[in-house]
Amino acid sequence: MKTDALETGDLSLNLTKLHLSDSGSYTCTVRGFSRGIERELRVTDVHLQVKERFPSWAKALLVLLVLGLLVGALLVHFRQYFMSVYQVEVDSGAESVQLPCKTTVRLPKDAKVEWRDGEDWKVHVYQNGSDQPEEQDSEYRGRTEMKRKLLEPGDLSLTLKYPTNWDSKTFICTVYNREGDILMEKQVELKVKVHQVEVDSGAESVQLPCKTTVRLPKDAKVVWRDRYYRKLHVYRSGSDQPEEQDSDYRCRTEMKRKLLEPGDLSLTLKYPTNWDSKTFICTVYNREGRKLMEKHVKLKVKVCEVEVEEGEESIQLPFITTPDLPEDAKVKWVCSIRTVHLYENRSDQPEEQDQVYKDRTEMKKDLLKTGDLSLTLKHPKETDTGEYWCRVNNKDGDRLRGKTVKLKVKGNIRNRSSSTDPTPLMADQSV
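The residue numbers shown here count from 1 along each chain, following its written sequence. Local features are withheld for residues below a pLDDT of 70 in this predicted model, meaning they are given only at 70 or higher, and side-chain atom pairs are given and counted only at 80 or more; totals for whole chains, interfaces and linings count all residues. With hydrogens and water stripped out, all remaining heavy atoms of the structure feed into the side-chain values.

Each helix is a run of DSSP H or I of at least 4 residues and each strand a run of E of at least 2, with the numbering of both proceeding from the N terminus. In terms of regular secondary structure, the protein chain is built from six helices and 29 strands. Out of the 431 residues in the protein chain, the part that is buried amounts to 38%. Accessible surface, the protein chain: about 26600 Å² in total, of which carbon and sulfur atoms supply 50%. For the exposure calls, accessible area comes from a 1.4 Å probe over protein chains only, and a residue counts as buried if that area is under 20% of its type's maximum, exposed if over 50%, partly exposed in between. Residue-level accessible areas treat just the shown protein chains as cover; the underlying method is Shrake-Rupley with a 1.4 Å probe.

The next thing to look at is the environment of Cys304. Within the secondary structure layout, Cys304 lies in strand E21 (residues 304-309). On the basis of relative accessible area, Cys304 is assigned to the buried category, the value being 13%. Along the sequence, Cys304 and Asn274 sit 30 residues apart, while their C-alpha atoms lie 8.2 Å from each other. By definition, residues are in contact when any of their heavy atoms lie within 4.5 Å. Contacts of Cys304, omitting those with residues within four sequence positions, involve Ser201, Pro318, Lys403, Thr404, Val405 and Lys406.

Only when DSSP finds a minimum of two bridges between them are two strands counted as paired. What the three strands build is an open sheet, ordered E4-E9-E8; its pairing is antiparallel. Each of the sheet's edge strands pairs with one partner strand only, and the pair in question is strand E4 (96-99) and strand E8 (144-146). Across the sheet, the axes of successive neighbouring strands diverge by a mean angle of 25 degrees, strand direction being ignored. Note on geometry: axes are lines fitted to C-alpha atoms, helical ones only across the stretch in contact, with angles between N-to-C directions running from 0 to 180 degrees.

Take the sheet that holds strand E18 (residues 267-270) next. In a beta sheet, neighbouring strands pair by backbone hydrogen bonds and run either parallel or antiparallel. The strand order across the open sheet built from three strands is E13-E18-E17, with neighbouring strands paired in antiparallel fashion. The strands lining the two open edges of the sheet, one partner per strand, are strand E13 (205-208) and strand E17 (253-255). Averaged over all pairs of adjacent strands, the angle between their axes in this sheet comes to 25 degrees, without regard to strand direction. Summarising the sheet, E17 and E18 pair through three bridges and their orientation is antiparallel. Among the inter-strand pairings, Glu254 is bridged to a residue of E18, identified as Thr268.

Quick look at the nonpolar core now. Most often, soluble globular proteins have nonpolar side chains that are buried together. By convention a nonpolar core is built from buried Ala, Val, Leu, Ile, Met, Phe, Trp, Tyr and Cys residues, the set being connected through side-chain atoms within 4.5 Å. Core analysis: the largest hydrophobic core is formed by 27 residues, its most contacted members being Val331, Trp333, Leu373, Tyr388 and Leu407. Residue assignment for this core shows that the elements contributing at least two residues are E21, strand E22 (314-317), strand E23 (330-335), strand E24 (338-344), helix H4 (367-370), strand E27 (375-378), strand E28 (386-393) and strand E29 (399-410). Among the elements that make up this core, the one with the highest residue count is E29 (four residues). What Leu407 contacts, discounting residues up to four positions off in sequence, is Val306, Val308, Ile315, Leu317, Leu377, Asp384, Thr385, Gly386 and Tyr388.

Here the focus is the confidence of the model for the protein chain. The quantity called pLDDT is the predictor's confidence in a given residue, expressed from 0 to 100. Confidence in the prediction for the protein chain averages 84 pLDDT; 86% of positions are at 70 or higher. pLDDT under 50 marks residues 75-83. Its contacts with residues more than four places away, or in other chains, come to five contacts. Long-range and interchain partners of residues 416-431, a stretch whose pLDDT sits below 50, account for two contacts in this model, where long-range means more than four residues apart.

Moving on, we come to the pairing of E4. Of the two faces of E4, only the one carrying Val97 and Leu99 is buried; Ser96 and Gln98 on the other face are not. Two strands pair when backbone bridges link them, and E4 and strand E9 (residues 158-161) are joined in this way by four bridges, in the antiparallel orientation. Following the sheet pairing, Leu99 is matched in E9 by Leu158.

A separate point is the environment of Ile182. Take Ile182: it is sitting in strand E11 (residues 182-193). Exposure remark for Ile182: the relative accessible area of 51% places this residue in the exposed category. Ile182 sits 70 residues away from Lys112 along the chain, and the two C-alpha atoms are 9.5 Å apart. Sequence-distant contacts of Ile182, that is, excluding residues within four places in its chain, are made with Thr174, Val175 and Tyr176.

All right, on to the packing of aromatic side chains then. Any Phe, Tyr or Trp ring, taking Trp's six-membered ring, that has another such ring centre within 6.5 Å forms a pair; planes under 30 degrees apart are called stacked, those over 60 apart edge-to-face, and the others tilted. Under the definition given, this model contains three aromatic pairs. Summarising the aromatic geometry, the rings of Tyr140 and Phe171 are spaced 6.3 Å apart at their centres and angled 75 degrees between planes, so their arrangement reads as edge-to-face. In this pair, Tyr140 is assigned in the loop between strand E7 (130-131) and E8 and Phe171 in strand E10 (residues 170-176), connecting sequence segments 31 residues apart. Residue Tyr140 shares its accessibility class with Phe171, and that shared class is buried. When the centroid spacing of 6.4 Å and the interplanar angle of 75 degrees are considered together, the rings of Tyr357 and Tyr388 count as edge-to-face. Of the two residues, Tyr357 sits in the loop between strand E25 (347-348) and strand E26 (361-363) while Tyr388 sits in strand E28, which places them 31 residues apart along the sequence. One exposure class covers both Tyr357 and Tyr388, and it is buried. The ring of Tyr86 carries Lys186 above its face, with NZ or CZ at 5.2 Å from the centroid. To sit over a ring, a charge needs its Lys NZ or Arg CZ within 6 Å of the ring centre and within 35 degrees of the ring normal.

Here it is, written out as structure tokens:
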């Protein structure tokens, strides 16, 4: 209190270092003597409420928030140890990819480490201090590797060489003790991205890339094939092997000379059509036939689209391919199930045409020699709109070439309006 409180009449009390327990009612009482008698005078009552600067519930919430952030950061940093399936992504054609599997626990010397894929095929087996290649599935033989003395540092990661999109699956690393009990297990999901190439239908050529920095043996065999296992191109013993090609790709592929030296195994595919829209695989084998590397390339050929207005004199459906096709080749243009044009036995076959296209189609002379199989459709009509397929077959019926062309014929609005029946209008005028 102030020292001159009685003189000034200011009886205020200053309370310092407040606590929650200081909350309550305070009474100021003045005692004195009057005429020899002690008297007590109640001056005032004051109610004090001490509030918490930072409420306890808020403190608890803050602590929980901090702990949550800390745990979240730890989960992100060490996610490979907490995730049930660890994910790895790699490009098709990469030399190798590592499937991680680590443990801080020291494993017994007689532990067995087994990598399997999702189909339960054995990818790699380590037992009795060494690899066991004879237990591997043939698909993975020569393509896997683990560290030496892998049990000491606890790094059981597997290196998978030349991954392809067929390796896009889940792999499981399991560790067993001598009795066959599982000590630990980890799953790794591998995604191999397939290289994609896009080209317009009608382009002269497209390149399917396949490169490697590893020097390949001189006696290596390179095989390009499609997803149906038909051979596009074969390179062996230092030269191409055209006799091994499928007829659909004959005279349409090319690889670099001395391709093994720079490691460029890319393939040039000539005159791609929408029927070539598929996945192609480049595989390299050694002399013994063991697979050294493999790469997948997905080709997308955009369908050729042609547009014309009804009433035009003609429209061309383009199809240019390699020249010097067999003289006995059969060229057939169809739309839906109707024959649009047929070229067989070195001449047109108008009697085989659908009536809708009679005297309205034309193909060029010497088309097999020039490779220009384009079709001219005369006086196009709106009803001609649709997909047109051209198929080229040899005398045995094997498909040599093929292409699809989308035709859209826009109706002539002027012709429509001039042909409209005026009778309803005349009727209105007569009323």
